[in-house]
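Here is how the chains run, residue by residue.
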Amino acid sequence: MTCASCVRRVEKAIASAPGVVGTSVNLATERAEVIFAGKPDIAPVIAAVSAVGYETRADTIELALAGMTCASCVARIEKALKAVPGVTDASVNLATERATIRIVAGTVEAATLEGAVAAAGYEARQILPDAGGDRERDAREVEIRSLGRLLVLAALLTLPVFTLEMGSHLVPAFHHWVMMTLGEWNWRLQFVLTTIVLFGPGLRFFRKGLPALLKGAPDMNALVALGSGAAWAYSLVATFIPDVLPAGTGNVYYEAAAVIVTLILLGRYLEARAKGRTSEAIKKLVGLQPKTARLVRNGVTVEVQLAEVRVGDVVVVRPGEKMAVDGEIVEGSSFVDESMMTGEPLPVAKGVGAEVVGGTINKTGSFSFRATKVGSATLLAQIIRMVESAQGSKLPIQALVDKVTAWFVPAVIAAALLTFGAWLVMGPEPALSFALVNAVAVLIIACPCAMGLATPTSIMVGTGRAAELGVLFRKGEALQTLRDATVIALDKTGTLTEGRPELTDFIVTDGFVEADVLWLVCSVEVRSEHPVAEAIVRAAERRGLVPTDIENFEAIPGFGVSAVVEGRKIEIGADRLMIQLGLDISTFALASARLADEGKTPLYAAIDGRLAAIVAVADPIKASTPAAIAALHALGLKVAMVTGDNRRTAEAIGRRIGIDEIVAEVLPDGKVEAVRRLAAHGARVAFVGDGINDAPALAAADVGIAIGTGTDIAIESADVVLMSGDLRGVANAIALSKATIRNIGQNLFWAFAYNIALIPVAAGVLYPLSGTLLSPMLAAGAMALSSVFVLTNALRLRRFRAPIDDGTQADQFSVQVV
């Protein structure tokens, strides 16, 4: 909003939304107060504001969740969060056990969201921006220890029950001994022990499962509670009031109920341990931060906790210590190991005025630096958030899973009831026992947990491994989109090349003196930020030429620059600028052709409307570029180069490094159109760039890949960031994308095939053919192992080896940022 007219438009739009009875919009605070007739419904208000051309500010709140076990839990919590007024979107990740909630800024408190989760039967706490991985790790370890204790207790109590019942079936002598010593107390002892198992360690299933069932939203806990509870209840009747059962059906299944709970607890325990390993990348990232910092306060050096460092504090660093936060050196000098940020193995010299990044290591001298970014503003914290954001994303492939899991558990319960009815009516005697056992097996064998974990765990491990390799997926969806890329479009300067051109040729026309022309050109170019200008200035300075003051400086995007130097009009730029000025450049035709064939960029200088010189600048090809292009070709990809260079120069460079298609003489605002042309006929384009002028193309491409050594604007526009600035990371990112999506496909195949194949077996479809029935105990074991299988398969991505080493593949963890 900019004026009172805007305020009136917004107020009118909000007033038209359903349920709104009053509104007041404040231009200064840029806030709207909305009064509803009934329960607030924010979504129509946001839509109304958007329809008249304005936007509502949004905040993101993250919650750490506890108590989730399967995809049904995810759906319930998302539904509960989305029902909170002010929430525009909520995404829950089963693998990370986190919820990311988008809210209209200032409308929802974290406590309200925590209450909504609690009302759904789960636990939640807000993750503050500065909350590190220590709390997450501690919470995970507490959960693992708790599950471990419950598992041990359940196993100790289940073992005698299993031994008494199954031993009696398998060993006649043991059965005789049990009947002679325990008699009728055999079943009663099993009852006591099984009851303790179910309502001690197994109480967690009933506490969550039964309320979910009563609310009409059953989950995995409901299936376990129904299955084990049915076996226990039937056995209870057979033990204490057997007369109510049909003759021949008075059997007990205590061992099935107890073993079911024990095996499910075993699966949960293994699952929790595996989940902990999926977040190793975040743990390692957090581990790069020192715990304390040494500050100078009132002339005294004091050691404080990292959270106490404030912007402006002076931090003292000794040899071997890590930088606590980002800052600028104010005293001293040293060499700093920045390999965890840049991937460069050699320490970098740092002196007064140099920037240092939190997490990097001081090698030799001591120095002091002033903190410029602390807490969540540091580069390392931003990287952690970026990785966490990607890990919490949902891929398009997840949509199918969400649709299936929405009806999966109710369908399983219906299948169990159908199984019970079919065996009761058509099964052999004792029909009731067969009906109960098979219905319980159906309930227990089903596993929505594996479905829910299939995608997020692979994303979590894949993006974590990517960070270790110097590839940041800013958006998790890019994992899936990048796999489908068929064309890799590369910006030239700073991407294929070093981005630091050098002046190679300077030829003047008759009537001009080389040193004078170079001095004039240098005086103009010193005001330009273009890499070519920097090369000319560096060359002039090496010759002892000192630029002078200029007037009327003007940069013409895609053409060149102009200015007035001591009363003389100087114009420098590409051939198209000279043509626009009406100057004949044919004098330099042979020189221009030669320079272009050598892969150099020819520029021209005009003084007072006369062509004065041709200037050649060459930007060295990065040493890693040829290997990177070869790796992309090996992946079956077409490689294109998009550049503002003239076609002849561009083609010379393209031939040297093996580019398939050249898109030359592209103005900064023409890169988007170049991407669209490359995307013709259904091609999927990934654009790689590093400059401000690359940002629109990065956003327009199917996948935007930013070179991490580039500008912040380019990085913000990208889906993927190559943190080391090494082009070989593109091939590694694509290979990892393919590996991750392949891993997700394996997980989903297992999760669906497992249920499709084993639910009918549990129902007894093989019994008429081979007499095969699936014991509820075996069903519980198979169900527990299915989730563990999915997690273990996802963890294989931690061992992913990039197809080409870009210097980040080391035994120790490293991450690079800009």
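Residues numbered from 1 in each chain as written. Predicted model: local features only at pLDDT ≥ 70, side-chain atom pairs only at ≥ 80, totals over all residues. Heavy atoms only, no water.

Examining empty space enclosed by the protein
Across all of its chains, the model carries 1 cavity of 30 Å³ or more by this definition. Roughly 50 Å³ of internal volume is contained in the largest cavity. For the lining of the largest cavity, the elements supplying multiple residues, two or more each, are helix H10 (254–278) and helix H30 (776–795). With 4 residues, the single largest contributor to the lining of the largest cavity is H10. Split by residue class, the lining of the largest cavity holds 4 nonpolar, 2 polar and 2 charged. (1 Å grid on protein atoms, 1.4 Å probe; cavity = no way out; pocket = protein on both sides within 12 Å on 5 of 7 lines; lining within 4 Å. Points joined across faces, edges and corners; volume = space filled by probe spheres on them. Helix = DSSP H or I, 4+ residues; strand = E, 2+ residues; numbered from the N terminus. Nonpolar A, V, L, I, M, F, W, Y, C, P; charged D, E, K, R; others polar.)

Remarks on the sheet that holds strand S23 (residues 610–618)
In any sheet, the strands associate via hydrogen bonds between backbone groups, in a parallel or an antiparallel arrangement. Taken in spatial order, the 6 strands of this open sheet run S18-S23-S22-S21-S20-S19, and their pairing is antiparallel. Edge strands, defined here as strands with exactly one partner in the open sheet, are strand S18 (502–508) and strand S19 (551–556). On average, adjacent strands in this sheet sit at an angle of 15° to one another, irrespective of strand direction. With 4 bridges connecting them, strand S21 (residues 568–573) and strand S22 (residues 601–607) associate as antiparallel partners. Paired with Ile 572 across the bridge in S22 is Ala 605. On the sheet, helix H22 (residues 589–597) packs against S18, S22 and S23 and is oriented at approximately 170° with respect to S18. (Pairing = 2+ DSSP bridges. Axes fitted to C-alpha atoms, helices over the stretch in contact; angles between N-to-C directions. Contact = heavy atoms within 4.5 Å.)

What to know about the packing of helix H7 (residues 185–199) against helix H9 (residues 220–240)
Contact pair H7 / H9: the axes reach a minimum separation of 11 Å and the direction vectors enclose 155°. Classified by the interaxial angle, the pair formed by H7 and H9 is roughly antiparallel. In the crossing of H7 with H9, the sense of the turn from one axis to the other is left-handed. Where H7 abuts H9, its residues Trp 187, Arg 188, Phe 191, Thr 194, Thr 195, Leu 198 and Phe 199 lie against Ser 228, Trp 232, Leu 236, Ala 238, Thr 239 and Phe 240. When grouped by side-chain class, the residues that make up the contact of H7 with H9 number 8 nonpolar, 4 polar and 1 charged. (Parallel < 35°, antiparallel > 145°, perpendicular 65-115°, else oblique. Left-handed = near helix turned anticlockwise from the far one by under 90°.)

Examining a nonpolar patch on the surface
Together, Phe 240, Ile 241 and Val 244 give the surface a local cluster of nonpolar side chains, amounting to about 290 Å² of exposed area. Counting through the fold element by element, Ile 241 comes out in the loop between H9 and H10. Residue class for Ile 241 comes out partly exposed when judged on its relative accessible area of 48%. (Patch = residues over 30% accessible without salt bridge, like charges linked within 9 Å, V, L, I, M, F, W, Y side chains within 5 Å. Areas by Shrake-Rupley, 256 points an atom, 1.4 Å probe, with all protein chains shown as cover. Salt bridge = Lys/Arg side-chain N within 4 Å of Asp/Glu carboxyl O. Buried < 20%, exposed > 50% of the residue type's maximum accessible area, 1.4 Å probe, protein only.)

Remarks on the nonpolar core
If you look at the biggest cluster of nonpolar residues, it comprises 143 residues, and the most contacted ones within it are Leu 81 and Ile 488. The element that contributes the greatest number of residues to this core is helix H28 (residues 728–763), accounting for 17 residues. The next biggest cluster of nonpolar side chains, apart from the first, holds 29 residues, and it includes Val 537, Ile 572, Leu 603 and Val 617. (Core = buried A, V, L, I, M, F, W, Y, C linked by side-chain atoms within 4.5 Å.)

Considerations on the packing of H28 against H30
Packing of H28 against H30 leaves a shortest axis separation of 9 Å and a crossing angle of 170°. Accordingly, the angle class assigned to the pair H28 and H30 is roughly antiparallel. Counted together, Asn 743, Gln 746, Asn 747, Trp 750 and Tyr 754 of H28 and Ala 779, Ala 782, Met 783, Ser 786, Phe 789, Val 790, Asn 793 and Ala 794 of H30 form the full contact between these two elements.

A few points about the packing of aromatic side chains
Inspection of the entire model under this criterion finds 12 aromatic pairs. Arranged with centres 5.9 Å apart and planes meeting at 55°, the rings of Phe 434 and Tyr 767 form a pair that is tilted. Here the residue Phe 434 occupies a position in helix H15 (residues 431–445), and Tyr 767 occupies one in helix H29 (residues 767–770), the gap between them amounting to 333 residues. By relative accessible area, which is 27% here, Tyr 767 ends up partly exposed. Look at Trp 750 and Phe 789: their rings are 4.4 Å apart centre to centre, the planes differ by 35°, and that puts the pair in the tilted class. With Trp 750 in helix H28 and Phe 789 in helix H30, this residue pair connects regions lying 39 residues apart in the sequence. Note on Phe 789: relative accessible area 38%, which makes it partly exposed. (Phe/Tyr/Trp six-rings, centres within 6.5 Å; stacked < 30°, edge-to-face > 60°.)

With respect to the confidence of the model for the protein
Mean pLDDT over the protein: 81, with 86% of residues reaching 70 or higher. Scored below 50 in pLDDT, residues 807–818 makes 48 contacts in the model with residues more than four places away or belonging to other chains. (pLDDT = per-residue confidence, 0-100.)

Describing the UniProt feature "transmembrane region" (unreviewed entry) in the protein
The feature "transmembrane region" (unreviewed entry), as given by UniProt, occupies residues 147–167, 187–206, 222–241, 253–270, 404–425, 431–455, 748–767 and 773–795 in the numbering adopted here. Taken end to end, residues 253–270 is 94% helix and 0% strand, and its two terminal C-alpha atoms sit 26 Å from one another. Between the C-alpha atoms that bound residues 773–795 the distance is 33 Å, and the span itself is 87% helix and 0% strand. (UniProt positions renumbered as here; feature names shortened; annotations may be inferred.)

Structural notes on helix H19 (residues 514–525)
The end-to-end C-alpha distance of H19, which contains 12 residues, comes to 16 Å, matching closely the 16 Å that a straight helix rising 1.5 Å per residue would cover. Among all positions in H19, only Val 517, Leu 518, Leu 520, Val 521, Cys 522, Ser 523, Val 524 and Glu 525 are buried. (Expected span 1.5 Å × (residues − 1).)

A short note on the sheet that holds strand S12 (residues 348–350)
Overall, antiparallel pairing links the 3 strands, which are arranged S12-S11-S14 in an open sheet. If you trace the sheet from one side to the other, it starts and ends with S12 and strand S14 (361–362), each paired once. Sheet topology note: the strand S11 (residues 334–337)/S14 ladder contains 2 bridges and is antiparallel. Opposite Val 336, over in S14, you have Asn 362 as the bridge partner.

Quick word on the pattern of salt bridges
Within this structure, the stated rule accounts for 15 salt bridges. Salt-bridge contacts for Asp 491 lead to Lys 671; the nearest nitrogen and oxygen are separated by 2.9 Å. With Asp 491 in strand S17 (residues 487–491) and Lys 671 in helix H25 (residues 671–678), this residue pair connects regions lying 180 residues apart in the sequence. Asp 505 is the partner of Arg 594 in a salt bridge, and the nearest nitrogen-oxygen pair spans 4.0 Å. With Arg 594 in helix H22 and Asp 505 in strand S18, this residue pair connects regions lying 89 residues apart in the sequence. The class of Asp 505 is buried, set by a relative accessible area of 16%. Within this structure, Arg 294, Arg 318 and Glu 321 form a network of salt bridges that share partners.

A few points about unusual backbone geometry
Residue Pro 430 is reached from Glu 429 by a cis peptide bond, and omega for that bond is -10°. Examined against the element boundaries, Pro 430 turns out to sit in the loop between helix H14 (398–426) and H15. The phi dihedral of Asn 298 is positive, around 55°, even though this residue is not glycine. By relative accessible area, which is 81% here, Asn 298 ends up exposed. Even without being glycine, Asp 608 reaches a positive phi, approximately 50°.

Let's talk about a positive patch on the surface
On the surface, Arg 742, Arg 796, Arg 798 and Arg 799 cluster together into a patch of positive charge. For Arg 799, the location among the structural elements is in the segment after H30. (Lys, Arg positive; Asp, Glu negative; His and termini not counted. Charge placed at Lys NZ, Arg CZ, Asp CG, Glu CD.)

Comments concerning the side chain of Arg 98
Here Arg 98 lies in strand S5 (residues 98–104). Among the polar contacts listed, one links the side chain of Arg 98 to the side chain of Glu 62, at a separation of 3.5 Å. (Polar contact = N/O pair within 3.5 Å; in protein donor to acceptor, adjacent residues only side chain to side chain.)

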